[in-house]
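Secondary and tertiary structure notes
Residues per chain are reported as follows:
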Amino acid sequence: MDTRFAWMLCVLCLVVTVRAFTQEGFKEVLLKQLGLSEVPKLHKRDLVDLVIPDHVKNKYISMLKRHRVKRRALPSLAGILRGIPGNAGEVLYSDTTTRQNLIFDMEGRIPKNSEVTMAELKLFKKPLDRANLPAKQSHRPISNARVSVYWVQRQHDGTNRTSLIDSRLVPVRESGWKNFDVTQAVHYWLRNKRREPMFLEVWIEGERVGGHASEMAKAVRFTSQDPKDKALGKPELVLYTLDLEDYGGPGDCKEEVVMGKSTCCRQKHYVNFRELAWTQYWIIEPAGYQAYRCSGGCLQPPSPLRRFGYGERACAVAESSPLPMMYLVKRGNRTEIEAAEFPNMIVEKCSCVTDG
């Protein structure tokens with residue numbers, strides 16, 4: 001097959017897949033990827049007592065990290081945002097989990113005309129206090145605890161919605177700084193901010209099911225934001241940004257695209273899964289994502305060339321990347337969670353393509 005023709009076919013496939021992210025168009029793409037004829041009939045009750053299995057959570061986090069590595073690299077350090085002093089950052093204990101709330105004042109901290117390319121949450125793990133270890137040892141040794149970071153979105157009705165951001169195993173007996181990738185949480189905050197801080201929640205759980213694993217996990221302690229906590233190493237949020245004046249992504253739209261005056265470029269287009277009626281119970285993670293779309297005009301070929309079969313040139317998707325997702329599936333009376341990477345969900349580059 002002719003190389004140029006093959007490339008054109010590839011581009012056209014991308015155009016069909018990603019050109020217009022209308023609700024119906026997006027639904028059609030997603031159902032096709034899953035091999036489904038219609039959206040599963042899911043309700044809020046399907047989420048009650050639903051636990052994300054560790055192997056599914058690990059698979060999703062692994063795909064997320066691989067996805068972020070492929071994105072823009074070599075960021076520059078913008079600054080460190082420290083926790084708000086006061087009665088913030090309380091630590092809650094239960095039989096199976098320790099939850100630590102964190103609050104970061106983001107307003108005015110991100111430079112104008114810049115893009116957050118990476119964000120790290122740094123937590124200091126306190127030295128192990130052996131008095132917190134369970135007296136009775138298990139025949140199956142436990143050396144780690146599962147630490148997960150969630151972004152918390154506060155709803156207008158006073159309830160909270162959480163989205164899993166990062167998760168890893170932390171050695172129970174080691175102390176020192178532990179880093180978590182919270183880039184996605186900062187992007188969520190930028191999208192949903194209502195002049196309020198960014199809320200994160202840290203969950204500390206057993207590395208596996210069982211009472212002994214839960215008791216071992218309770219021995220893991222991170223320094224909190226509470227001023228009464230005199231331990232060294234308060235939680236820190238480190239942001240890495242790119243100055244768009246110097247390092248802006250080539251082909252991204254500027255303001256004039258809204259007026260229809262721009263040449264072919266990539267325009268921001270956010271898909272919010274929490275606001276779409278057919279995805280709010282089906283798709284668990286992510287809460288939404290920046291899909292982008294292609295906008296603007298293209299220079300047209302001169303009239304003589306059109307007589308030789310050259311059609312009009314249109315702004316279309318030239319490159320795309322996948323999106324990791326966690327979603328529910330119904331198998332008879334059972335509801336299960338799966339994780340998969342869906343191709344061609346994010347527009348990476350736009351270019352002018354000749355029709356025909």
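Refer to the structure presented above.
Residues numbered from 1 in each chain as written. Predicted model: local features only at pLDDT ≥ 70, side-chain atom pairs only at ≥ 80, totals over all residues. Heavy atoms only, no water.

Digging into the sheet that holds strand β12 (residues 283-285)
Formally: When DSSP finds at least two bridges between two strands, those strands are taken to pair. Going along the chain from the N terminus, every DSSP run of H or I of four or more residues is numbered as a helix, and every run of E of two or more is numbered as a strand. Orientation is described by lines fitted to C-alpha atoms, with helices fitted over the stretch in contact, and by angles between N-to-C directions that extend from 0 to 180 degrees.
Read from one edge of the open sheet, three strands run β12-β15-β16, paired in antiparallel fashion. Looking along the sheet, the strands with just one partner apiece sit at the ends: β12 and β16 (334-354). Taken pair by pair, the neighbouring strands of this sheet meet at an average axis angle of 40°, ignoring direction.

Points about the state of the cysteines
How we decide: Note on terminology: disulfide denotes any pair of cysteine sulfur atoms within 2.5 Å. Three exposure classes are used, based on accessible area relative to the maximum for each residue type with a 1.4 Å probe and protein chains only: buried under 20%, partly exposed in between, and exposed over 50%.
Taken as a whole and assessed by the stated rule, the structure comprises three disulfides. In this model C264 forms its disulfide with C315; the gap between the sulfur atoms is 2.1 Å. Classification of the bridge connecting C264 and C315 rests on its S-S torsion, roughly 70°, and on that basis the disulfide is right-handed. With C264 in the loop between α6 (244-247) and β10 (265-267) and C315 in strand β15 (residues 313-331), this pair connects stretches of sequence that are 51 residues apart. Classification of C264 by relative accessible area gives buried; the value is 17%. In this model, C294 is linked to C350 through a disulfide, with the two sulfur atoms separated by 2.1 Å. Disulfide C294-C350: torsion about the S-S bond near -85°, hence left-handed. Of this pair, C294 sits in strand β14 (residues 293-295) while C350 sits in strand β16, placing them 56 residues apart in sequence. Residue C294 is classed as buried on the basis of its relative accessible area of 18%. Residue classification places C350 among the buried residues on the basis of a relative accessible area of 13%.

Structural notes on empty space enclosed by the protein
To keep it simple, the criterion reads: Of the two site types, the cavity is a set of points on a 1 Å grid over the protein atoms alone where a 1.4 Å probe fits but cannot get out, and the pocket is an open set with protein on both sides within 12 Å along at least five of seven lines, each lined by residues with an atom within 4 Å of a point. Grid points are joined across faces, edges and corners, and a volume is the space filled by probe spheres set on the points. Under the scheme applied here, ten amino acids are nonpolar (Ala, Val, Leu, Ile, Met, Phe, Trp, Tyr, Cys and Pro), four are charged (Asp, Glu, Lys and Arg), and all others, including Gly, are polar.
Scanning the model with the defined rule gives two cavities of 30 Å³ or more in all. Roughly 30 Å³ of volume is contained in the second largest cavity. As for the second largest cavity, its lining consists of W151, Q153, Y188, N192, Y270, N272, R274 and A287. For the lining of the second largest cavity, the elements supplying multiple residues, two or more each, are β5 (144-154), α4 (183-192) and β11 (270-272). Looking at the lining of the second largest cavity, its residues break down into four nonpolar, three polar and one charged.

Quick look at the nonpolar core
The test is simple: Side-chain atoms within 4.5 Å are what join buried Ala, Val, Leu, Ile, Met, Phe, Trp, Tyr and Cys residues into a set we call a nonpolar core. Domain delimitation in this document rests on an assignment produced automatically or drawn from a domain database. Whether two residues touch is decided by their heavy atoms; if any such pair falls within 4.5 Å, the residues are in contact.
L30, W282, Y289, M326 and M345 are the most contacted members of the largest nonpolar core, which has 42 residues in total. Going through the elements one at a time, α2 (23-34), α3 (54-70), β12, β15 and β16 are the ones with two or more residues in this core. Broken down by element, the residue count for this core peaks at eight residues, all from β15. Two domains each put at least three residues into this core: domain 1 (23-52 + 248-354) and domain 2 (83-243). If we skip the residues at most four places from it in the chain, M326 touches I52, V56, Y60, L164, W282, I283, I284, E285, I337, E338 and A339.

So, the pairing of β16
Pairing analysis gives 17 bridges linking β15 to β16, with the strands arranged antiparallel. Paired with P324 across the bridge in β16 is E341. Remark: two residues form the turn of the hairpin made by β15 and β16, two consecutive strands paired antiparallel; G332 in that turn has positive phi of roughly 65°.

A few points about the packing of aromatic side chains
The description of an aromatic ring pair rests on the distance of the ring centres and on the angle between the ring planes. What counts, and what does not: Classification of ring pairs rests on two measures: the distance between centres of Phe, Tyr or Trp rings, Trp counted by its six-membered ring, which must be within 6.5 Å, and the angle between planes, read as stacked under 30 degrees, edge-to-face over 60 and tilted in between. Two limits define a charge over a ring: the Lys NZ or Arg CZ must be within 6 Å of the ring centre, and within 35 degrees of the ring normal.
Considering all chains together, one arrives at five aromatic pairs under this definition. Geometrically, the ring pair formed by Y150 and W203 is tilted, given 4.5 Å between the ring centres and 35° between the ring planes. Taken together, the positions of Y150 in strand β5 and W203 in strand β8 (residues 198-206) put the pair 53 residues apart, joining distant regions of the chain. Take W203: its relative accessible area is 15%, and that puts it in the buried class. Residues F273 and Y289 carry aromatic rings whose centres are separated by 5.9 Å and whose planes lie at 35° to one another, so their mutual orientation is tilted. Residue F273 is located in the loop between β11 and β12, and its partner Y289 is located in strand β13 (residues 288-290); the two are separated by 16 residues in the primary sequence. The exposure classification of F273 matches that of Y289, with both residues buried. For R266, the ring lying beneath its charged end belongs to Y292, and the centroid distance is 3.6 Å.

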